[in-house]
Amino acid sequence: MKPKLVVSGSADNTIRIWRPPKKLYNFEGVGTLRPVLEVFKFLTLEEVIAIGRVNKQFYEASFSYEVQTKPIFREDQVLEGHSGGVYCVAVSHKKDFLVSGSHDKTILVWNLLTRQATQVLKGHSGGVWCVAVSSKDEFVVSGSSDKTVRIWSLESVPISVLRGHKNAVISLALSSKDEFIVSGSWDDTIRVWSVLSSEQMRLIEVNTPWINSLVMSKNEDFVLSGGGNKALTLWSLPSGKRTRVFRGHGLSVNSLTISSGDEFVVSGSGDSTIKLWSLASGKITRTLRGHTKRVLSVSLSNDNKYLVSGSADYSVRLWSLEKGTQTQILKGHTDRVWSVSVISY
């Protein structure tokens, strides 16, 4: 299942939506070269995609045979509405709306059909670093530099404010049945909260500097954290105990994502690399190189075959995990790409 939508949020205050063409052909498949060359227009030099007209019909086509075997994305739209950098983006499970959090202290809800902001959620007194959407798309959870986690109904009213962290809340995860939230903070703690009661259920003291990212396993038995100690740490949620440490990065771990079957985890680091780790062995199975500055965000496709990454080098990159290769560089942002999300249909 190829990815059909990539969303990226950047310090340039924008959100960009990237989509592949609806149909893409090789020129030999749509007609002779001569009539095509009479009316073509290059859209991207990297893939040499063009618009060709054959027998009064227009086609998106390429000279490259590889173009039909891998997803090729183009910028579809730029969403502007935030007055500060966009730190985080999350797409609803029904894929009909998008949520973004920003340095401007607000959360915007965007209709993906009309591409318009439909709601502004206000209440945080600091930048919003992380957002998540509930499984039934009924509420949104956010974490902020104001040290709080907030639960919002989509009626623009905060349901509850969860207090306890002593520093910025940088990352969070929501359980599959929306029963509890796991939050990670620069206060070097991970906290587990009940959605129903808003009470803190567990406190895990990490004792390592700067939790930048966390991800929960699909079976919800454990959580992985990454931060300033250059490592990934595996924590048991039932006991709160550390069970394994994954070492291999040269600088801080900034982003984590986990495969759908909990077989492997992907990490993006300040050392400009992306690493794949076996959860069973704790060993690195692959290192992806291409970004020239810090990797700030990573996101896996539903079938675990493709990865999207965002970086301080202003680029979004698409990777084939089956081949271990970079398939495309998406350029358009003019500042750091803080957050990416890839959606498959």
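Everything below is about the structure printed above this text.
Description of the structure in this document. Quantities reported herein were computed from a predicted structural model and do not represent experimental measurements.

All right, on to the packing of aromatic side chains then. Think of a pair of aromatic rings as described by two things: how far the centres are apart, and how the planes are tilted against each other in angle. Applying the stated criterion across every chain yields a total of six aromatic pairs. Here the aromatic rings of Trp-186 and Trp-210 are separated by 4.8 Å at their centres, their planes lie at 90 degrees, and the arrangement is edge-to-face. Residue Trp-186 is located in the loop between β17 (180-185) and β18 (189-194), and its partner Trp-210 is located in the loop between β19 (200-205) and β20 (211-216); the two are separated by 24 residues in the primary sequence. With relative accessibility at 25%, the residue Trp-186 sits in the partly exposed group. One aromatic cluster is present, formed by Tyr-87, Trp-129, Trp-186, Trp-210 and Trp-338 through successive ring pairs.

Taken across its five residues, strand β10 (residues 107-111) has four buried, putting it largely inside the fold. Of the pairings in the sheet, the one linking strand β9 (residues 97-102) to β10 comprises five bridges and is antiparallel in character. The residue bridging Phe-97 from the neighbouring strand is Asn-111, located in β10. In textbook terms, the turn of a hairpin is the stretch between consecutive antiparallel strands, and for β9 and β10 this stretch comprises four residues, one of which, Lys-105, has a positive phi near 80 degrees. Here five bridges tie β10 to strand β11 (residues 116-121), and the two strands are oriented antiparallel to one another. Across the sheet, the residue bridging to Ile-107 is Leu-121, located in β11. Where β10 folds back on β11, the antiparallel hairpin that results is connected by four residues, among which Arg-115 adopts a positive phi of roughly 65 degrees.

Tracing the backbone through its elements, the reader meets Ser-134 in the loop between β12 (128-133) and β13 (139-144). Sequence separation of Ser-134 and Glu-179 is 45 residues, and the distance between their C-alpha atoms is 9.7 Å. Once you skip the residues sitting within four places of it in the chain, Ser-134 turns out to touch His-93, Phe-139, Leu-174 and Asp-178.

This next bit is on empty space enclosed by the protein. Over the atoms rolls a probe the size of a water molecule, and in doing so it shows where empty space is left. The tally for this structure, following the rule as stated, stands at one cavity of 30 Å³ or more. Put simply, the largest cavity is a space of about 50 Å³. Taken together, Val-206, Thr-208, Pro-209, Trp-210, Ile-211, Ser-225, Gly-226, Gly-227, Gly-228, Asn-229, Ala-231 and Thr-233 make up the lining of the largest cavity. Among the secondary structure elements, those contributing two or more residues to the lining of the largest cavity are β21 (222-227) and β22 (231-236). The leading source of residues in the lining of the largest cavity is β21, at three residues. A breakdown of the residues in the lining of the largest cavity according to their chemical character gives five nonpolar, seven polar and no charged.

Cut-off values and rules
- Residues numbered from 1 in each chain as written.
- Predicted model: local features only at pLDDT ≥ 70, side-chain atom pairs only at ≥ 80, totals over all residues.
- Heavy atoms only, no water.
- Phe/Tyr/Trp six-rings, centres within 6.5 Å; stacked < 30°, edge-to-face > 60°.
- Helix = DSSP H or I, 4+ residues; strand = E, 2+ residues; numbered from the N terminus.
- Buried < 20%, exposed > 50% of the residue type's maximum accessible area, 1.4 Å probe, protein only.
- Pairing = 2+ DSSP bridges.
- Contact = heavy atoms within 4.5 Å.
- 1 Å grid on protein atoms, 1.4 Å probe; cavity = no way out; pocket = protein on both sides within 12 Å on 5 of 7 lines; lining within 4 Å.
- Points joined across faces, edges and corners; volume = space filled by probe spheres on them.
- Nonpolar A, V, L, I, M, F, W, Y, C, P; charged D, E, K, R; others polar.

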